[in-house]
Amino acid sequence: MTAPPLAADPVLAAFAAAVGVDGPVAVEGNRTRWATGGALAAGTRLVQAPTGIVHHQAEEMIVCVRAGTPMAELAAALRDRGQRCALADLGGTVGGAIAVGENHLLVLGCGTVRSSVLEVRYVSAEGRLIRGGGPTVKNVTGFDLPRLLVGSLGTLGLIAEVILRTNPLPATSVWAMAADADPFAVRDALLRPAAVLWDGDTTWVNVEGHAPDVRAQLAGLRALGSFTEVAGPPALPTHRWSLAPADLRQLDSTEMGAFVASVGVGMVFAERPQPPRTLSPAVAALSARVKANFDPTGRLNPGRAPGAR
Amino acid sequence: MKLRRHSGRAHDGGPDAALVADLQAAIGRDRVRNDSAERALLSRDASVFDDGVAGPICFPGSTAHVQAVVRIAVRHGRAVVPRGAGTGLAGGAIPLGAPVVVSLTRMNRILEIDHDARVVWVEPGVVNLDLTKHLQPLGFHFAPDPSSQQVCTLGGNLANNSGGPHCLAYGITNTHIIAAEVVLPDGEVAMLGGLDAEPLGYDLRGAFVGGEGTLGIATRIAARITPTAPAVRTLLMSFADVRDAANTVSAVIAAGIVPAAMEVMDQRITRAVEHYVHAGYPTDAAAVLLAEVDGLHDGVDIDAQAIAAIGREQGATEVRLARDDNERMLLWKGRKTAFGAIAQIAPDYYLHDTVVPRAKLAEVLAQTYDIAERHGVIVMNVFHAGDGNLHPLLIFDAREPGVLERVHAAGAEIVKASLAAGGVLSGEHGIGVEKQAYMTLLFTDDDLDHQNRLRKSFDPDCRANPGKVLPSGHSCADIQLLTAVPQGMWV
Amino acid sequence: MDLGIDADELNTCVQCGLCLSACPTFRVTGDETRSPRGRIALMRHVQLRDAPLTPEIVQSFETCVQCRGCEPACPSGVQYGRLIEQTRTTLARTHRSTPRWLRLAYIPLARPRLLRAGSVAIAVAQRLHLVPTRLGLSVRIPLRQQPIPASGSDVYLFTGCVMDAWQRDVHLATQRVIEAAGFGVTPTLAQAPCCGALHAHAGLTDHTRRMAHKMMAALRPDMPILVDSAGCAAAMKDYGHLLGTPEAGAFSARVFDVQQWLAQHIDRFPKVAPLDLRVAVLDPCHLRHVQKVHLDTRVVLRPFVRELVELDDDGLCCGAGGAYSALEPALAGQIRARKVGSIDRARPDVVASANPGCSMHLGAAGVPTLHPMQLIAQALPGRRPLD
Ligand SMILES: Cc1cc2nc3c(=O)[nH]c(=O)nc-3n(C[C@H](O)[C@H](O)[C@H](O)COP(=O)(O)OP(=O)(O)OC[C@H]3O[C@@H](n4cnc5c(N)ncnc54)[C@H](O)[C@@H]3O)c2cc1C
Ligand code: SF4
Ligand code: SF4
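Residues numbered from 1 in each chain as written. Chains lettered and ligands numbered in written order. Predicted model: local features only at pLDDT ≥ 70, side-chain atom pairs only at ≥ 80, totals over all residues. Heavy atoms only, no water.

Draft legend 1. Inspection of the overall build of chain C at higher detail. When helices and strands are counted, chain C shows 21 helices and eight strands. When burial is assessed residue by residue, chain C has 65% of its 387 residues classed as buried. At a minimum sequence separation of 6, the contacts of chain C that also span at least 24 residues come to 72%. When the accessible surface of chain C is summed, it comes to about 14300 Å², and 54% of that surface belongs to carbon and sulfur atoms. (Helix = DSSP H or I, 4+ residues; strand = E, 2+ residues; numbered from the N terminus. Buried < 20%, exposed > 50% of the residue type's maximum accessible area, 1.4 Å probe, protein only. Contact = heavy atoms within 4.5 Å. Areas by Shrake-Rupley, 256 points an atom, 1.4 Å probe, with all protein chains shown as cover.)

Draft legend 2. Seen up close, the site of ligand 3. If you check the shell around ligand 3, you find 13 residues, and the closest are Cys23(C), Cys64(C), Cys67(C), Arg68(C) and Cys70(C). Within the shell around ligand 3, the residues separate by chemical class into nine nonpolar, two polar and two charged. (Near = heavy atom within 4 Å. Nonpolar A, V, L, I, M, F, W, Y, C, P; charged D, E, K, R; others polar.)

Draft legend 3. Expanded view of the side chain of Ser238(B). Residue and element names in this part refer to chain B. Residue placement: Ser238 occurs in strand E12 (residues 231-239). Ser238 sits in the buried class, given a relative accessible area of 3%. The residues contacting Ser238, other than those within four sequence positions of it, are Pro282, Ala285, Ala287, Val288, Ala316, Thr317 and Glu318.

Draft legend 4. Molecular detail of the domain arrangement of chain A. All names here are of chain A. Along its sequence, chain A is carved into domain 1 (7-168) and domain 2 (172-270). Between domain 1 and domain 2, the C-alpha centre-to-centre distance is 29 Å. Every contact between the two is made by eight residues of domain 1 and, on the other side, 13 residues of domain 2. When the buried area of domain 1 at its contact with domain 2 is split by residue, Leu105, Leu106 and Leu108 rank highest and sum to 68% of it. Between Glu208 and Arg84 there is a salt bridge, with the nearest N and O atoms lying 2.8 Å from each other. Summed over the shared surface of domain 1 and domain 2, the number is two residue pairs in polar contact (both at pLDDT 80 or more). (Domains from an automatic or database assignment. Buried area = accessible area lost by both parts, 1.4 Å probe. Salt bridge = Lys/Arg side-chain N within 4 Å of Asp/Glu carboxyl O. Polar contact = N/O pair within 3.5 Å; in protein donor to acceptor, adjacent residues only side chain to side chain.)

Draft legend 5. Representation of the interface of chain B and chain C within the structure. Contact with chain B, which involves 47 residues of that partner, is made by 49 residues of chain C. Interface area, chain B with chain C, both sides summed: about 3900 Å², of which 53% is carbon and sulfur. For the interface between chain B and chain C, the tally reads six salt bridges. Salt-bridge contacts for Asp31(C) lead to Arg33(B); the nearest nitrogen and oxygen are separated by 2.9 Å. Summed over the shared surface of chain B and chain C, the result is 13 residue pairs in polar contact (both at pLDDT 80 or more). Listing elements by their share of the side of chain B that touches chain C, those giving two or more residues are helix H2 (36-41), helix H4 (128-135), helix H13 (338-341) and strand E16 (348-351) of chain B. It is H2(B) that contributes the most residues to the side of chain B that touches chain C, five residues altogether. By residue class, the composition of the side of chain B that touches chain C is 17 nonpolar, 15 polar and 15 charged.

Draft legend 6. Looking closely at the domain arrangement of chain C. Residues and elements named next belong to chain C. Under the domain assignment, chain C is made up of domain 1 (7-93), domain 2 (108-263) and domain 3 (270-379). Across the boundary between the two partners, domain 2 contributes 29 residues, which contact 27 residues of domain 3. At the surface where domain 2 touches domain 3, the tally comes to zero salt bridges. Along the contact surface separating domain 2 from domain 3 lie eight residue pairs in polar contact (both at pLDDT 80 or more). Among the elements that make up the side of domain 2 that touches domain 3, the one with the highest residue count is helix H9 (residues 165-180) (nine residues). Its residues assigned to classes, the side of domain 2 that touches domain 3 comprises 14 nonpolar, seven polar and eight charged.

Draft legend 7. Representation of the confidence of the model for chain C. Residues and elements named next belong to chain C. A residue-level look at chain C finds 83% of positions with pLDDT of 70 or above and a mean pLDDT of 83. Across chain C, the element-wise mean pLDDT spans from 44 in helix H8 (residues 115-127) up to 97 in helix H2 (residues 24-29). Long-range and interchain partners of residues 105-145, a stretch whose pLDDT sits below 50, account for 63 contacts in this model, where long-range means more than four residues apart. Model confidence for the complex: the whole-complex pTM is 0.92, and ipTM, which rates the interface, is 0.96. (pLDDT = per-residue confidence, 0-100.)

Draft legend 8. Here's a closer look at helix H11 (residues 205-218) of chain C. Residue and element names in this part refer to chain C. With 14 residues, H11 should cover 20 Å at 1.5 Å per step; its first-to-last C-alpha distance of 20 Å lies within 8% of that length. Every buried residue belonging to H11 is among Thr205, His207, Thr208, Met211, Ala212, Met215 and Met216, and all of these are buried. End-on, the buried residues of H11 take up no more than an arc of 165°, which puts them together on one face. Exposed residues pointing more than 90 degrees away from the buried face of H11 are listed as Arg210, Lys214 and Ala217. Next to the buried residues of H11 lie helix H6 (80-93), strand E1 (155-158), helix H10 (197-201), helix H12 (230-237), helix H13 (239-243) and helix H14 (246-253). (Expected span 1.5 Å × (residues − 1). Arc of directions from axis to C-beta.)

Draft legend 9. Representation of the site of ligand 1 within the structure. With respect to spatial proximity, 37 residues lie near ligand 1, and among them Pro82(B), Thr87(B), Ser148(B), Thr153(B) and Ser162(B) are the closest. Chains contributing residues near ligand 1 are chains B and C. Contact between ligand 1 and Ser162(B): an oxygen atom at 2.7 Å from a side-chain N or O atom of the residue. In this structure, a nitrogen atom belonging to ligand 1 sits 2.9 Å away from a side-chain N or O atom of Glu428(B).

Draft legend 10. Representation of the sheet that holds strand E4 (residues 255-257) of chain C. Residue and element names in this part refer to chain C. Read across the open sheet, the four strands follow the order E2-E1-E3-E4; overall the sheet is parallel. Strand pairing shows two members of the sheet lacking a second neighbour, strand E2 (185-187) and E4, which therefore form its edges. The average undirected angle you get between the axes of adjacent strands in this sheet is 35°. By the bridge criterion, three bridges tie strand E3 (residues 225-227) to E4 in an arrangement that is parallel. From the neighbouring strand, Val227 faces E4, where its bridge partner is Asp257. On the sheet, H12 packs against E1, E3 and E4 and is oriented at approximately 155° with respect to E4. (Pairing = 2+ DSSP bridges. Axes fitted to C-alpha atoms, helices over the stretch in contact; angles between N-to-C directions.)

Draft legend 11. Structural view of the environment of Asp196(B). With respect to the helices, strands and loops of the structure, Asp196(B) is situated in the loop between strand E9 (189-193) and helix H8 (204-208). Asp196(B) gets classed as buried once you look at its relative accessible area, which sits at 17%. For the pair Asp196(B) and Lys468(B), spaced 272 residues apart in sequence, the C-alpha separation works out to 32 Å. Excluding its chain neighbours within four sequence positions, the residues that come into contact with Asp196(B) are Ser242(A), Leu243(A), Ala244(A) and Arg277(A).

Draft legend 12. Region of interest: the interface of chain B and chain A. Facing 93 residues of chain B, the contacting portion of chain A comprises 75 residues. Looking only at chain B, the three residues that lose the most surface to chain A are Asp116(B), Leu200(B) and Tyr202(B), adding up to 13% of its buried area. The interface formed by chain B and chain A includes 11 salt bridges. Linking Arg277(A) and Asp196(B) is a salt bridge whose minimum nitrogen-to-oxygen distance equals 2.7 Å. In this assembly, chain B and chain A are joined by 39 residue pairs in polar contact (both at pLDDT 80 or more). Among the elements that take part in the side of chain B that touches chain A, helix H17 (residues 445-458) of chain B stands out by supplying 10 residues, more than any other. Grouping the amino acids of the side of chain B that touches chain A by side-chain chemistry returns 44 nonpolar, 29 polar and 20 charged.

This is the structure we're talking about:
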């Protein structure tokens, strides 16, 4: 008994062939985050990842999906069977969402992207099909390549297909809003809010679960502010700031402009971009070794690096 | 005045004298041990593997100590092996080739809680259950709860990416590690990950978790703390056939319920456990299923009732709701001491840790019993059913001639059956030295090559816990280079 | 070398490590050679693999407090207490380790602070003619300073050998409490001078056997024997196993920890106003891990005090361990510091401990510690309130 080679799947084999073995190459999704991590070097050949949902096993809480599949399609298919996943539908593709690695607005409810990718199948810089991780919700067999690839912007391997963990949709999900609440107290008062948002004045919360629990939580919230139910979250400013949750207590709107902050998460959506962050020298050196080992010739997504602006 | 009369041999600290002297000079005499007793004990963990050979043992008290130890080891051309409580079941902490063993047990302070981030900073030697107990009065706990939680350390949990019954709903350790300060195998210190929402760069923290000590040594860990739910319902269901229990588990998940935990024990293990804890486990049932839901008061009742109904549909002969916290604790104590309790039946155990799709649980379980019978060994099953994570325990008495071969043969077949059902090799115990040989059943040479690239990025010279995880030929198997077998070893 | 341990018993340990955190010496050192799993592994190395008995191995065995906290933590039912007692017996017999009483006899002379604790054991040793005269202890330490009068013959109260002022007060209090429940008490006094627990710990089990025989012959076979020292009761409850005779078994069955006995008769006490105290219960190891009757202490104390609080360390040993605190002062001190931390977090007015050794050990660290019987005696009518 040996591991089945991925190349037996003609779709994956075709993708690997398209990536080839030399020359700069990148995967083109829907270009919704095309500029993230720096501008792609001129002359880079673009390839498309395969599309389609391979299988969705709701009772196993997994879905196997090709990387080029539009997020909208995946989200709809999961919803049809009462499920969801950690990836946000921001108009892009599944592979793009993983390569960029941005978490869902409801990350407290549906989990992080990095924890939801159970298996990755990708094409290496040498044009080989590589499998990392495994199809089960729990797996520690070997090193964690899926996590390494989440947020790697295609600089370590080009994602062809993934198996994602799915979760049942909550029975009820309600947004509520109050202009007079302390968002930090709100967050502490709720057991598992899916989101607590705050723009400096107004607080929005998303509470999910069984209907009676949701009602009870909303009733409890009234002690903390004059909450009323609303249809959804506020419009989010474009730029993502990644901060520590404690930083949210002293946000500076002169620096970031109008903002909506995700309390307990540290993500802030702001009018202006976050000043560049830097890696410590030790982490930068380690990251460089990772890149050099996975892509010795630097042909994968040249010009891009996670975190670069 | 010190009065000690010894008739044992003189101190045998002969081997590695220069190395030991350097280590002692750097971190203090009382933090370095090199006698044969210490070396013998630290050459083992909770696995059955006993070919390890430990070099000098260090008990650092700080990141600076760890860094000093690693640098000295590098200078002496020796590998290092981090060690927590030594409860690993795959031999991860077993030193190969007399490396310097870095015991993190004295770095056991809980440093600081960040309530906004819901994170606690700890040193790696903090015991899992101590952390949870520390957090309890504040309304929090550390969610990963391996059955060894009263002894295993956060560092070991992180390195093995450990799971536990309640990881079904809450996720395994990796989900709960936010950042880690690590001493890399060359002695550099790096902070991987961070408290900010989406830390910059590659997810090196995510890659480090589960590295089984081959990527460096964690010296400070930011662990997620989880609010403790106000309501809990724990159900104990009995079945006349272990397959009915397995099918109940699939049916619950298929119904869209993700309980906090779902654990199954077969009859043999239930009897051993009941004998130890007297929790009221039914010893006449072929299998018991322990299911727990937590959350808010109404929701847990809704879910508990739904689970009970599914259990009855699947043929449960008894469905019982734990009356109070006391009964609940006892039931869990029983489940969590299951591995240890089997020694009442035989003195040795060997177990695998495969994961199979839930829908295949019943089928693979039946195969484990067949396989064991064919090889003339006893198998007992106790497992994280909700995750499809099997723990078939092959129990035996190693003194019986030829039994080890039969045990290993049965183990190999069980692994193959699990993988054939679409499963994976290890759900939570890791690969260590125990399961390397099986890696090629699951991964191609190319796959393993890429795992090795990750490994090499952290440890280009194979200095951290060499000889682990990846099968020889795919990694730093060349530990001979780093070997210096000391004289005077008697084990 | 053959330690004389039963091979099957030695093999029951599966090396799982679940006992590590229940072991006080591992807790403070993080060192496998100071852990039950490690000690068992070393016994195996010595007995089964013929490893030489190095000083480090002897030390590993000697640093064991013999609190037996590892036993209830072990799901495999490893009888660690038996293993270590057998090991110590063999080592003592073959002169591989210095017998504890001898080491003990020296240490207090050099360390006046420890004399109080040490004098107990020396008195015992002298009584049993264990201390060679060349040690120059010419004055015989008295075993009993004031007689305790009998009040009836419903139950025996085992007064044992530990004889300093503190302990005498405990016996008197205990007797008062038992009488308050309506039982007539016969103190055993010279009829049963010693239970032999310290000797058993030191590996001198032959002496313990002799004492057991003596005590069994001296006491009437139809009276329950109540004991107010957890270590003594544990030893006496083990006579059945130690001697292996039906008579010894029957004797052991008549031995009760005083709290254990009173818990069954709690309704016989008069209703009294509880003492206005917050009391933390400290479970002596031999009550909790060996006799496993520590919950009875709570049952008995609860009506007599305002508030009972639990410590948060799962009954981890305090480091007293009979003579241990005198023999391994450094380790015992570290272990005690951990216990004191736990006590501080519980913020009690007073600590209740049903074992004299623990009380002295904690008392030496400034922790006010009383026997549960002393507290109850204070609450009973006709007593001055505690100052
Ligand atoms: C009875 C029993 C029940 C168990 N139940 C479970 C269970 O339910 N779930 C589960 O997942 N596991 C379980 N285990 C396995 C084991 O307890 C876990 O793997 C645990 O996380 C190991 O922790 P440890 O402190 O003992 O680590 P060790 O065994 O000492 O080390 C484990 C690995 O971690 C490395 N390591 C240790 N500290 C560090 C550090 N600071 N930095 C880097 N690497 C480090 C070591 O090199 C080694 O590779 C069980 C074991 C036993 C004996
Ligand atoms: S004594 Fe018991 S708990 Fe300790 S290692 Fe041995 S089997 Fe495990
Ligand atoms: S008796 Fe006490 S000190 Fe000795 S090994 Fe057991 S727990 Fe540790």
